[in-house]
Structures are given as structure tokens and as C-alpha cells.
Amino acid sequence: MAKERGKRIYRRATDEERKRHAELRTQIAEELPDISRRARERLALLRKEGTPLRQVLGALRAERERQGLSLADMNERTGIDRAALSRLENNEEANPTLTTLERYAEAVGKQMVVLLSEPTK
């Protein structure tokens, strides 16, 4: 049995609605260049400095390498699969849980501390 679909009901916008829509389109057009500029600046900064998460992962990897630990060693210490550890260290889109980061940090003899601060501009 075919499912019946409802029909769309169209109505004309009122003069007040059309005026409000025009005002909103104007406001968006005025704000868009500034929003785009700020987004480009933020993206450039993140590419230059890295995200805080990328910085943490980089520091943990550097400590692992400083200690001469392989991914196989880290697998034994953390219980995290070697392939997953490699993705964690190398994937720009990695999104580990705090528990995963804590396990990694403990495996290299570090303690993870989470600090909240105001964003830098």
C-alpha cells in the first residue's frame, strides 16, 4: 500500500514578514565578510599553532619517542591497539576521550591535568 504524502500549503508572506526578511538578508550580508575574515584568521592560527589537543598528542608522542618506546610497547602498557595508537598520533582528525589520553599519559609516566581558560584572541 502506497503511503500518502501531505500536500504543501503555500501562503503569501505578509508585508511585515517580507520587510523583516529583507532586513535579515541585509544584516547577514553586512556581517558575513567579518565572520568569514574571523574564521580565516582562526583557521590560520590553528594551522600554525595546532589545536590544544594536537599539542597534547604531540607532547605525548615526543615523550614516548624520548623514552624509546615503540607502539608495541605502548600497546602492552595501555591495552590500546597499535593501529589505534598510530591513528591517535598521526590523524589530524583524532578525537580521543579523556580516558584514552590519561591511559597514554600514564604509560609514559605523565599525569594529565585539564585546565580551562579564556580563549586567546
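Worth saying up front: this structure is predicted, and the values here are computed from it rather than measured.

Reading the values: the criteria
Residues numbered from 1 in each chain as written. Predicted model: local features only at pLDDT ≥ 70, side-chain atom pairs only at ≥ 80, totals over all residues. Heavy atoms only, no water. Helix = DSSP H or I, 4+ residues; strand = E, 2+ residues; numbered from the N terminus. Expected span 1.5 Å × (residues − 1). Axes fitted to C-alpha atoms, helices over the stretch in contact; angles between N-to-C directions. Parallel < 35°, antiparallel > 145°, perpendicular 65-115°, else oblique. Contact = heavy atoms within 4.5 Å. Patch = residues over 30% accessible without salt bridge, like charges linked within 9 Å, V, L, I, M, F, W, Y side chains within 5 Å. Areas by Shrake-Rupley, 256 points an atom, 1.4 Å probe, with all protein chains shown as cover. Salt bridge = Lys/Arg side-chain N within 4 Å of Asp/Glu carboxyl O. Core = buried A, V, L, I, M, F, W, Y, C linked by side-chain atoms within 4.5 Å. Buried < 20%, exposed > 50% of the residue type's maximum accessible area, 1.4 Å probe, protein only. Nonpolar A, V, L, I, M, F, W, Y, C, P; charged D, E, K, R; others polar.

Caption draft 1: Summary view of helix α2 (residues 52-66). With 15 residues, α2 should reach 21 Å at 1.5 Å per residue; the first-to-last C-alpha distance of 21 Å fits that figure. Positive phi shows up at glycine 68, right after α2, with a value of about 75°.

Caption draft 2: Representation of the environment of arginine 82 in the model. Tracing the chain through its elements places arginine 82 in helix α4 (residues 82-90). A sequence separation of 18 residues divides arginine 82 from arginine 64, and the C-alpha atoms of the two residues are 13 Å apart.

Caption draft 3: Seen up close, the packing of helix α3 (residues 71-78) against α4. Here α3 crosses α4 at 110°, and the two axes come no closer than 9 Å. As far as their axial angle goes, α4 and α3 are roughly perpendicular. Side by side, α3 and α4 meet where Leu71, Ala72, Met74, Asn75 and Thr78 of the first sit next to Arg82, Leu85, Ser86 and Glu89 of the second.

Caption draft 4: Fine view of a nonpolar patch on the surface. Residues Leu24, Ile28, Leu32 and Ile35 make up a contiguous nonpolar surface patch of about 340 Å² in total accessible area. Relative to the elements of secondary structure, isoleucine 35 occurs in helix α1 (residues 15-49).

Caption draft 5: Molecular detail of the nonpolar core. Leu57, Leu60, Met74, Leu85, Leu88, Tyr104 and Val108 are the most contacted members of the largest nonpolar core, which totals 13 residues. Elements with a contribution of two residues or more to this core: α2, α4 and α5 (98-107). Residue contributions to this core peak at 4 residues, all from α5. The contacts of leucine 60, once residues within four sequence positions are left out, are Leu101, Tyr104, Ala105 and Val108.

Caption draft 6: Spatial organisation of the packing of α2 against α4. With their axes 9 Å apart at the nearest point, α2 and α4 run at an angle of 125° to one another. Here α2 is positioned oblique relative to α4, judged by the angle of their axes. Residue-level inspection shows Arg54, Leu57, Arg61 and Arg64 of α2 in contact with α4, the latter providing Leu88, Glu89 and Asn90. Tallied by class, the residues present in the contact of α2 with α4 amount to 2 nonpolar, 1 polar and 4 charged.

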